[in-house]
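What follows is the residue order along each chain.
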Amino acid sequence: MAEVLLYHHIQGLTDGVRAFADELRRDGHTVHTPDLFGGRTFGSIDEGSAFVRETGFDVFWELGSAAADELGEGLVYAGLSFGVMIAQGLAQTRPGARGALLLYSCIPVSEFGEAWPEGVPVQIHGKEGDEFFDEDLPAARELVASTSDAELFLYPGDQHLFADSSLDAYDPEASALLMERVRAFLAAQVPA
């Protein structure tokens, strides 16, 4: 089975993020969910964003990198919105990455290097009308156009954190389809 390092979104390591990880664990995957916010969760994206600004993103990058250091190579890096920055950065810069799952966000590849690393498959998921994902859609399309190892999935609607069952943004139908695609992706990353 795959070993996944999953970075939570801007509202923290919510019950919905834990439930998402647990679903993958039930499939036999090992899923690590470092709590970059030290147990804090936030009732809104704005509250979480304010906390990140006050603390400084570099602090969270260091925490996320340290979690990866403890686990070594052969990981699928997964990020949910805010967590995508860390997951994508590590997938692009760490040797031995097995894959990347970028949910609700995508950063321009040029932020972390000249090109997406060869042999590192990636899936990107977002809603068509999500104001946050709309800003990232050009970067997602550019990444997908740059490699045969990338897939972009767009879902109808405008909810941002739509696969987090503990939030009002939860969309059960889109979440189920996302999970089906993530499961297929992870099954393909299992070492022979």
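On a predicted model such as this, the values are computed, not experimentally measured, just so you know. (Residues numbered from 1 in each chain as written. Predicted model: local features only at pLDDT ≥ 70, side-chain atom pairs only at ≥ 80, totals over all residues. Heavy atoms only, no water.)

(A) Spatial organisation of the overall build of the protein. When helices and strands are counted, the protein shows six helices and six strands. Beginning at the N terminus, the succession of helices and strands in the protein can be written as β-α-β-α-α-β-α-β-β-α-β-α. In terms of overall dimensions, the protein is globule-like: its C-alpha atoms have a radius of gyration of 15 Å, near the 16 Å expected for 192 residues. Its C-alpha atoms give the protein principal-axis dimensions of roughly 40 × 35 × 35 Å. Each of the 192 residues in the protein was classed as buried or not, and the buried ones make up 51%. Distance between charge centres in the protein, computed from 11 positive and 32 negative side chains, equals 5 Å. (Helix = DSSP H or I, 4+ residues; strand = E, 2+ residues; numbered from the N terminus. Rg over C-alpha atoms; globule rule 2.2 N^0.38 Å. Buried < 20%, exposed > 50% of the residue type's maximum accessible area, 1.4 Å probe, protein only. Lys, Arg positive; Asp, Glu negative; His and termini not counted. Charge placed at Lys NZ, Arg CZ, Asp CG, Glu CD.)

(B) A look at the packing of aromatic side chains. Overall, the coordinates contain 11 aromatic pairs when judged by the stated rule. Between Phe-37 and Phe-82, the ring centres sit 5.5 Å apart and the planes meet at 45 degrees, which makes this aromatic pair tilted. Remark: Phe-82 occurs in helix 4 (residues 82-93) and Phe-37 occurs in the loop between strand 2 (30-32) and helix 2 (45-55); sequence separation between them is 45 residues. Here Phe-37 falls in the buried class, since its relative accessible area comes to 3%. Its relative accessible area of 10% is what places Phe-82 among the buried residues. Ring centres of Phe-57 and Phe-82 lie 5.8 Å apart, and the angle between their planes is 80 degrees; on these two criteria the pair is classed as edge-to-face. Linking Phe-57 in helix 3 (residues 57-71) with Phe-82 in helix 4, this pair joins segments that are 25 residues apart in sequence. Of the residues examined, Phe-57 reaches a relative accessible area of 26% and is grouped as partly exposed. Of the aromatic side chains, those joined through ring pairs into one cluster are Phe-37, Phe-42, Phe-51, Phe-57, Phe-60 and Phe-82. The ring of Phe-162 carries the charged tip of Lys-127 above its face, separated from the ring centre by 5.1 Å. (Phe/Tyr/Trp six-rings, centres within 6.5 Å; stacked < 30°, edge-to-face > 60°. Lys NZ or Arg CZ within 6 Å of the ring centre and 35° of its normal.)

(C) Broad picture of helix 1 (residues 15-26). The end-to-end C-alpha distance of helix 1 is 16 Å, a good match for the 16 Å that 12 residues give at a rise of 1.5 Å each. In the core, the buried residues of helix 1 are packed alongside strand 1 (3-7), strand 2, strand 3 (76-80), strand 4 (99-103) and helix 6 (172-189). Looking one or two residues beyond helix 1, the residue adopting positive phi is Gly-28, at roughly 100 degrees. (Expected span 1.5 Å × (residues − 1). Contact = heavy atoms within 4.5 Å.)

(D) Representation of the packing of helix 1 against helix 6. Remark: helix 1 packs on helix 6, axes separated minimally by 11 Å, with the N-to-C direction vectors making an angle of 45 degrees. Judged on the interaxial angle alone, helix 6 and helix 1 are oblique. Judged by the twist between their axes, the crossing of helix 1 over helix 6 is right-handed. Taken together, the residues of helix 6 that come into contact with helix 1 (itself represented by Phe-20, Glu-23 and Leu-24) are Leu-178, Met-179, Val-182, Arg-183 and Leu-186. Across the contact of helix 1 with helix 6, the residue classes break down as six nonpolar, no polar and two charged. (Axes fitted to C-alpha atoms, helices over the stretch in contact; angles between N-to-C directions. Parallel < 35°, antiparallel > 145°, perpendicular 65-115°, else oblique. Left-handed = near helix turned anticlockwise from the far one by under 90°. Nonpolar A, V, L, I, M, F, W, Y, C, P; charged D, E, K, R; others polar.)

(E) Layout of the environment of Ala-169. Mapped onto the fold, Ala-169 is located in the loop between strand 6 (150-155) and helix 6. Sequence-wise, Ala-169 and Val-144 are 25 residues apart; in three dimensions their C-alpha atoms are separated by 26 Å. Excluding residues within four positions of it along the chain, Ala-169 makes contact with Gln-159, Leu-161 and Phe-162.

By themselves, these observations are geometric and do not establish any function.
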